[in-house]
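Take a look at the letters that make up each chain.
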Amino acid sequence: MCIYGGTTCAVIASNNPEVVVTVVDLNAERIKAWSSDELPIYEPGLLHLVKKARDGARRNLFFSKSISSAIIEADLIFMCVNTPTKQTGPGAGQALELDYLEGAIRRIAEVAQNDKIIVEKSTVPCRTAETIREILDTTGRPGVKFSVLSNPEFLAAGTAIADLLQPDRVLIGCSKTPDGYSAAGALADVYAAWMPRDRIITINLFSAELTKLAANALLAQRISSINSLSAICEATGADIEEVTYACGLDSRIGPSMFKASVGFGGSCFKKDILSLCYISEFLGLAEVSAYWKSVIDINEYQKDKFTSRIVSCLGNTVTKKKLAVLGFTFKKDTDDTRESAAISVVSRLVAEGAHVSIYDPCAKTDQIWRDIGTYVTVCESAYEACMNAQAVIILTEWDEFNNRVTTDAQRSSDRLRGPQPGFVNLIRSKLDWPLVADIMCPPKYVFDGRNVVDAGKLEELGFRVECVGKPSMS
Ligand SMILES: NC(=O)c1ccc[n+]([C@@H]2O[C@H](COP(=O)([O-])OP(=O)(O)OC[C@H]3O[C@@H](n4cnc5c(N)ncnc54)[C@H](O)[C@@H]3O)[C@@H](O)[C@H]2O)c1
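Residues numbered from 1 in each chain as written. Predicted model: local features only at pLDDT ≥ 70, side-chain atom pairs only at ≥ 80, totals over all residues. Heavy atoms only, no water.

Trainee: I'd like a description of the nonpolar core, backed by residues and values.
Mentor: For soluble globular proteins, nonpolar side chains are generally found buried alongside one another. Membership of the largest hydrophobic core comes to 37 residues, with the highest contact counts inside it found for Val-50, Leu-61, Leu-149, Ile-172, Leu-187 and Tyr-191. Among the elements that take part in this core, helix 8 (residues 178-192) stands out by supplying six residues, more than any other. If we ignore the near neighbours within four places in the chain, the residues touching Leu-187 are Leu-76, Phe-78, Val-119, Leu-149, Asn-151 and Ile-172. Counting residues in each nonpolar core, the second largest holds 34 residues, with Ala-260, Ala-341, Leu-349 and Val-468 among its members. (Core = buried A, V, L, I, M, F, W, Y, C linked by side-chain atoms within 4.5 Å. Buried < 20%, exposed > 50% of the residue type's maximum accessible area, 1.4 Å probe, protein only. Helix = DSSP H or I, 4+ residues; strand = E, 2+ residues; numbered from the N terminus. Contact = heavy atoms within 4.5 Å.)

Laid out in C-alpha cells, this is it:
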C-alpha cells in the first residue's frame, strides 16, 4: 500500500499489522522528517503512533522517496496530495488546484504494472474521479485495470488521531458496478480492522466527493452564523455565550461548532467553500454561490470587526503601542497557521504601526514571519510578550491562556499532547494572570478573540476585558 500523507497512514498501519504501508512524497525534507523523531507536523499522540508502527518489532510503516517503486508494489494507493485554491488561470481564487493530483495520477498510470485501487483522500471537486479515471484509462499500460474510489478525510487538526480512531463515519464512494463494489469492499476491510462495519458507509462516487465540500461548508456556516449573531449581541447587550448555550440545548441545533470567536481558519474551510462557489457558478447557480460566499464574507467581517474594536478601545490608534498576541495557530493543539485569524488581525495591527509581540506554544517563528510578510517579535514565553504591553490579544484557545479551573478532560488531553521533540514542551502550566497584570502597562486590556477567559476574575485583577459577542466596556 502506498499513501501520500502521514497521519492517516500511521493509524492504518498501527491497526493493520499485516499490511505494509509506505508513505511517499515529492518533498524529500518531509520524508526525512517523517523518518525522524521530529515529525513535520505537530498532532497530539502522532509521534507515539508513528514510532510504534515505524520502529517497533513488527515494522509495517515506511517512509520513502522512491515514489515509483512504492506505486509498483502497492495494491491500494491513497491520494492525499494538496489541493489548494488555484492562484492562476481559469477559476483562480476559487477553484481547487488539481495539478498536484494530476501529476500523481499520471505517475501512477506511467509506472503501474498491475491492477490498482486508487483512493481519493484529497478534497476534490465533484466528478474529479471521472477525470482521474479518464487519465488512467488513456495513459495507463494496456491490461492494467484501475478502480477509483472517493474516501474523503473528515479528521480535524488537533484531534486527528481520535477522529481517525473513532470516526462518526467513514465514507466510501464507488461506481455502482461489480468492480466498484469489490474495490469498495477491499477498502472497507482496511477500516474494519478497528471500527464497526456499520460506520463504513458506501455511497455513489460523486456524492462522496460532494459530501466532503458540503460538510466543511456546513461546519463553517455554523461558525459564521453564530459570529453574525455575536455582532447583534455586542450592539444590544445580549451575551452570545448565553444565546449559544440556550440555542444549543435544542436537540435540532446542538452545541458543536457553535462558539463565537474572532473567526475560523485552517487550510480547508475557506478553500472548500470557494470550491463549492466555483462549482455553483460553473453550473449557472449564481444564487447558490452567493449564499455560500456569504459564509466567508462574515468570517472576513468578523476578523476585521475584532481588530477595529482593539483599535477603537485603545483610543483609535495603536501606533507605537506594544500589544501582546497570545496564540497564532488557527486552533489549539496544532502547529498549523494556514488561514489563521491571527494572520489578518496581526497584519492589520502591524500596518497601523503597533509593536506586536507574539507568543504561541507551537507555531514556528519563521512560519509566523512568512505569514505576516514582515518582521514581528516572536517570544519564547507569554510573559516576554506581555511585558510592558498595553493590551493582550488572545487569538488561539490554547488551554494555558484561560484562567478557568482545569477539568479532568483537559488534564487527559494534556497527557495525550505530551512533549514531542522539536516542539516546545506542550504540557505547560496555566498563565499566571496576576503576574501578567503586574508586568503590563495601563490600560491593561484583554481582547479575548476566543472567549476563553473568565472576564470577571480578570477584571478583579485590574484588566479591562473585551470578549466577542459581549458588550464593550468602553
Ligand atoms: N490538513 C487537514 O486537516 C485536512 C483534513 C481533511 C482533508 N484534507 C485534505 O487533504 C489534502 C492534503 O492536505 P494537507 O493539509 O495534508 O496538505 P499538505 O500540503 O500539508 O501535504 C500535501 C503533500 O502532498 C505532496 N505532494 C504533492 N504532489 C505530490 C505528488 N505528485 N506526489 C507525491 N507527493 C505529492 C506535497 O509535497 C505535500 O507534502 C487536501 O486535499 C486537503 O483538503 C486536509
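Trainee: I'd love a proper account of a nonpolar patch on the surface, names of residues and values included.
Mentor: Side chains of Phe-282, Leu-283, Leu-285 and Val-288 sit close together on the surface and give an oily, nonpolar patch of about 410 Å² of accessible area. Relative to the helices and strands, Phe-282 resides in helix 11 (residues 269-282). For Phe-282, a relative accessible area of 66% puts it in the exposed group. (Patch = residues over 30% accessible without salt bridge, like charges linked within 9 Å, V, L, I, M, F, W, Y side chains within 5 Å. Areas by Shrake-Rupley, 256 points an atom, 1.4 Å probe, with all protein chains shown as cover. Salt bridge = Lys/Arg side-chain N within 4 Å of Asp/Glu carboxyl O.)

Trainee: I'd like a description of the environment of Gly-173, backed by residues and values.
Mentor: Inspection of the secondary structure puts Gly-173 in strand 7 (residues 170-174). Residue Gly-173 is classed as buried on the basis of its relative accessible area of 0%. Each C-alpha atom of the pair Gly-173 and Val-119 lies 9.4 Å from the other, and the pair is 54 residues apart in sequence. Setting aside residues up to four positions removed in sequence, Gly-173 forms contacts with Val-148, Leu-149, Ser-150, Ile-203, Asn-204, Leu-205 and Ala-208.

Trainee: Describe the packing of helix 6 (residues 128-139) against helix 9 (residues 205-236), listing the residues and the values that go with them.
Mentor: Interhelical geometry of helix 6 versus helix 9 gives an angle of 125 degrees and a closest axis separation of 8 Å. What the angle tells us is that helix 6 and helix 9 run oblique. For the pair formed by helix 6 and helix 9, the contact residues are Thr-128, Ala-129 and Glu-130 on the first element and Leu-205, Phe-206 and Glu-209 on the second. Partitioning the contact of helix 6 with helix 9 into residue classes produces three nonpolar, one polar and two charged. (Axes fitted to C-alpha atoms, helices over the stretch in contact; angles between N-to-C directions. Parallel < 35°, antiparallel > 145°, perpendicular 65-115°, else oblique. Nonpolar A, V, L, I, M, F, W, Y, C, P; charged D, E, K, R; others polar.)

Trainee: Explain the pattern of salt bridges to me, and be specific about the residues and the numbers.
Mentor: For the structure on display, the rule yields 26 salt bridges. A salt bridge links Arg-106 to Glu-102, with the nearest nitrogen and oxygen atoms 2.9 Å apart. With Arg-106 and Glu-102 both in helix 5 (residues 99-111), this residue pair falls four residues apart, about one helical turn. In this structure Glu-102 comes out as partly exposed when scored by relative accessible area, which is 32%. Residues joined by salt bridges that share partners form a network here, namely Asp-37, Lys-51, Arg-54 and Asp-55.

The values are spatial; any link to function lies outside them.
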